[in-house]
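Here's the letter readout for the chains.
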Amino acid sequence: MIDVKHLSKSFGDHLVLDDISEHISEGEKVVVIGPSGSGKSTFLRCLNLLELPTKGTITFNGTVITDPKADIDGVRRQMGMVFQHFNLFPNMTIRRNITLAPVRTGLMKQEEANDTASALLRRVGLEEKADAYPGQLSGGQKQRIAIVRALAMKPKVMLFDEPTSALDPEMVGEVLEVMKELADEGMTMVVVTHEMGFAREVGTRVLFMDGGKILEQNEPHAFFANPQQARTKEFLSKVL
Amino acid sequence: MDLAQTYELWRALMVEGDANWWQTFFVRFYQTFIEANRWQSYLEGVGVTLIVTAVALAIGVVLGILVAMVRTAHDQQRPGRPKNPVLGILNIICKVYVTIIRGTPMMVQILIMGLVVFASSRNFTMVGALTLGINSGAYVAEIIRGGLMSLDSGQMEAGRSLGLNYIDTMRFIVIPQAFKAILPSLGNEFIVLLKDTSLISIIGGQEMVYFARNIVNRTFDAMFPLIGAAVIYLILVMIFTWLQGKLERRLRQGDRR
């Protein structure tokens, strides 16, 4: 589904991603972990071109999206993204936050989008918030709305950039719960997170990044039970 | 005994040096504002001041939006991709415009426009309004650009990540939020503009200061006409400040934060 070849990214002289090649198949739940500054967020943001790669190619369902002629808006419509800081639009109601993109991109008519929004909100238990503004919600509620907003575009893959890192501890659970349900429904997911429990329970594959490279990867149980690299062991000993 | 008679009587006293403080005050006030219906020229001056402000504001806002759009679009081009050459040229033009306008005094700009560029024009009021508009455009452009750039980049990213194009993201997400953020500075610019209309009298623009100075020339009394003009400006500014406050409060209610 997503094929990454020789991906490098530098900010000025600083090399953040160093020649990464990786393949993500449909239905996979790939969890990316690693110390801060390891390039994991940049890797995720390259997948939908919020960061432009310096070198390398990314192919999504047969389209080379790193080609300057690629229809990047069209590609992004199929890739949902959830941010660490929610990035809801504070000037709109929740309903409009959710329906703006489907309606403006011609995916749905307004009524259909409203129905979709209501159904999705019901699923995350926030249907009564449709006419509220983001400023009136808690962090956990905002992040659940942000997930719903991305889902309203009916994406084929969901990218999560540290979705629980900005939340108060008691709100982390409600967001992870929504993500788990999504995973159970078969959504392809790439998740950058510090939640090791989530990686173990939901992930089908764990990538460990450090210094702009994927140092080690494995299915979660083997990864946590039996890390191979010294750097991985050191990292896990600090976070577990 | 009506006011005109009182005026004649007390003015005679004043000429002979026998008038008391109150009588002198009355005479000077009367000849500044009432005699020969001079209050009408202040009123006319206020009208011209408001028209000039409105014309200059319209020019300034249009220019400001255009310049801010060019400069923001240029700066937000994706790094690593070839730059749009047309945008590059427009950006240089906009930068030169903003630099020249902000780097030279308003008074000099008005003199150049009135005595050099439009030297053969007879409508100095509108030449003045045009100059003020061009001047204001540079400041409005920087205010708008600042507002657009001050917005959290996550808002633009969220819009684009949903598949919205650049224009839609600007229109529905960035600009409505930036507008609320820049409203105080924009109101401030408007008030500066309103007061700066007084400068166009230097090239013969017929607004309030022009009429006030005419009256000074007739009555040989500078204090009353000029303080009168100052009071009128102050009242105008206070009215607009109040209106601006109302608008800001209404916009804040909108997002109920």
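Residues numbered from 1 in each chain as written. Chains lettered and ligands numbered in written order. Predicted model: local features only at pLDDT ≥ 70, side-chain atom pairs only at ≥ 80, totals over all residues. Heavy atoms only, no water.

1. Notes on the interface of chain B and chain A
Opposite the 25 residues of chain B that make contact, chain A presents 32 residues. With both chains or domains summed, chain B and chain A bury close to 2500 Å², and 54% of this area falls on carbon and sulfur atoms. Applying the counting rule to chain B against chain A returns three salt bridges. A salt bridge links B:Asp168 to A:Arg104, with the shortest nitrogen-to-oxygen separation between them at 3.0 Å. The interface formed by chain B and chain A includes eight residue pairs in polar contact (both at pLDDT 80 or more). Every element with two or more residues in the side of chain B that touches chain A is listed here: helix H7 (153-161), helix H8 (166-196) and helix H10 (223-255) of chain B. (Contact = heavy atoms within 4.5 Å. Buried area = accessible area lost by both parts, 1.4 Å probe. Salt bridge = Lys/Arg side-chain N within 4 Å of Asp/Glu carboxyl O. Polar contact = N/O pair within 3.5 Å; in protein donor to acceptor, adjacent residues only side chain to side chain. Helix = DSSP H or I, 4+ residues; strand = E, 2+ residues; numbered from the N terminus.)

2. A look at the side chain of B:Glu142
Residues and elements named next belong to chain B. Of note, Glu-142 is situated in helix H6 (residues 124-150). Looking at Glu-142, the relative accessible area reads 17%, which means it is buried. A distance of 3.4 Å separates polar atoms of two side chains, one belonging to Glu-142 and the other to Arg-145. In this structure Glu-142 touches Arg-71, Val-98 and Arg-102, once residues within four positions along its chain are discounted. (Buried < 20%, exposed > 50% of the residue type's maximum accessible area, 1.4 Å probe, protein only.)

3. Focus on the packing of helix H3 (residues 39-75) of chain B against H6(B)
All names here are of chain B. For the pair H3 and H6, interaxial distance at closest approach is 5 Å and the crossing angle is 40 degrees. The orientation of H3 with respect to H6, classified from their angle, is oblique. For the pair H3 and H6, the sense of crossing is right-handed. Looking at the contact of H3 with H6, its residues break down into 20 nonpolar, seven polar and four charged. (Axes fitted to C-alpha atoms, helices over the stretch in contact; angles between N-to-C directions. Parallel < 35°, antiparallel > 145°, perpendicular 65-115°, else oblique. Left-handed = near helix turned anticlockwise from the far one by under 90°. Nonpolar A, V, L, I, M, F, W, Y, C, P; charged D, E, K, R; others polar.)

4. Remarks on the packing of aromatic side chains
Residue and element names in this part refer to chain B. Tallied over the entire structure, the rule returns 15 aromatic pairs over all chains. Summarising the aromatic geometry, the rings of Tyr-7 and Tyr-30 are spaced 4.4 Å apart at their centres and angled 25 degrees between planes, so their arrangement reads as stacked. Here Tyr-7 is found in helix H1 (residues 3-16), whereas its partner Tyr-30 is found in helix H2 (residues 21-34), with 23 residues between them in sequence. Residue class for Tyr-7 comes out buried when judged on its relative accessible area of 2%. For Tyr-30, a relative accessible area of 9% puts it in the buried group. For the ring pair Phe-25 and Phe-224, a centre distance of 5.3 Å and an interplane angle of 70 degrees mean the geometry is edge-to-face. (Phe/Tyr/Trp six-rings, centres within 6.5 Å; stacked < 30°, edge-to-face > 60°.)

5. Regarding helix H4 (residues 85-103) of chain B
Residues and elements named next belong to chain B. Look at H4: 27 Å from first C-alpha to last across 19 residues, which is about the 27 Å you get at 1.5 Å a residue. Within H4, burial applies to Leu-87, Gly-88, Asn-91, Cys-94, Tyr-97, Val-98 and Ile-101. One side-chain oxygen of the residue at the start of H4 lies 3.0 Å from the amide nitrogen of Val-86, identifying that residue as Asn-84. (Expected span 1.5 Å × (residues − 1).)

6. Things to note about helix H9 (residues 230-239) of chain A
Residues and elements named next belong to chain A. For H9, the set of buried residues is Thr-232, Phe-235 and Leu-236. In a view along the axis of H9, the buried residues occupy a sector of 95 degrees, so they form one face of it. Residues of H9 that are exposed and point over 90 degrees away from its buried face: Ala-230, Ser-237 and Lys-238. Structurally, H9 contributes buried residues whose contacts are with strand E3 (29-33), helix H7 (196-202), strand E9 (205-210), strand E10 (213-218) and helix H8 (220-225). (Arc of directions from axis to C-beta.)

7. With respect to unusual backbone geometry
One non-glycine residue, A:His6, lies in positive phi territory at about 50 degrees. A residue is classified by how much of its surface remains accessible, and A:His6, at 48% relative accessible area, is partly exposed. Positive phi outside glycine occurs at B:Phe220, with the angle close to 55 degrees. Among the secondary structure elements, B:Phe220 is positioned in the loop between helix H9 (208-219) and H10.

8. Structural notes on the sheet that holds strand E2 (residues 14-24) of chain A
Residue and element names in this part refer to chain A. Reading across the sheet, the four strands line up as E2-E1-E4-E5 and stay open at both edges, with antiparallel pairing between neighbours. Each end of this open sheet is capped by a strand with a single partner; those strands are E2 and strand E5 (63-64). Two strands pair when backbone bridges link them, and strand E4 (residues 55-60) and E5 are joined in this way by two bridges, in the antiparallel orientation. Considered in E5, the bridge of Phe-60 is made with Thr-63. (Pairing = 2+ DSSP bridges.)

9. Considering the pairing of strand E7 (residues 157-161) of chain A
Residue and element names in this part refer to chain A. For E7, a buried count of five out of five residues is recorded, marking the element as mostly surrounded by other parts of the structure. A two-sided burial pattern is seen for E7, the buried positions comprising Val-157, Leu-159 and Asp-161 on one face and Met-158 and Phe-160 on the other. Note that strand E6 (residues 79-82) and E7 share four bridges and pair parallel. Across the sheet, residue Met-79 finds its bridge partner in E7, namely Val-157. Across five bridges, the pairing between E7 and strand E8 (residues 188-192) is parallel. Looking at the pairing, Val-157 lines up with Thr-188 of E8.

10. A word on a positive patch on the surface
A cluster of basic side chains, namely B:Lys246, B:Arg249, B:Arg250 and B:Arg252, defines a positive patch on the protein surface. If you trace the backbone, B:Arg250 turns up in helix H10. (Patch = residues over 30% accessible without salt bridge, like charges linked within 9 Å, V, L, I, M, F, W, Y side chains within 5 Å. Areas by Shrake-Rupley, 256 points an atom, 1.4 Å probe, with all protein chains shown as cover. Lys, Arg positive; Asp, Glu negative; His and termini not counted. Charge placed at Lys NZ, Arg CZ, Asp CG, Glu CD.)

11. Digging into the environment of B:Ala129
Inspection of the secondary structure puts B:Ala129 in helix H6. On the basis of relative accessible area, B:Ala129 is assigned to the buried category, the value being 0%.

12. Regarding the pattern of salt bridges
Summed over all chains, the structure comprises 22 salt bridges over all chains. With a closest N to O distance of 2.7 Å, A:Arg205 and A:Glu28 form a salt bridge. In this pair, A:Arg205 is assigned in strand E9 and A:Glu28 in the loop between E2 and E3, connecting sequence segments 177 residues apart. Neither residue differs from the other here; A:Arg205 and A:Glu28 are each classed as buried. Its salt-bridge partner being A:Arg45, residue A:Glu51 comes within 2.9 Å of it at the nearest N-O pair. Across this residue pair, the class does not change: A:Glu51 and A:Arg45 are buried. Where salt bridges share partners, they join B:Arg71, B:Asp75, B:Arg102, B:Glu142 and B:Arg145 into one cluster.

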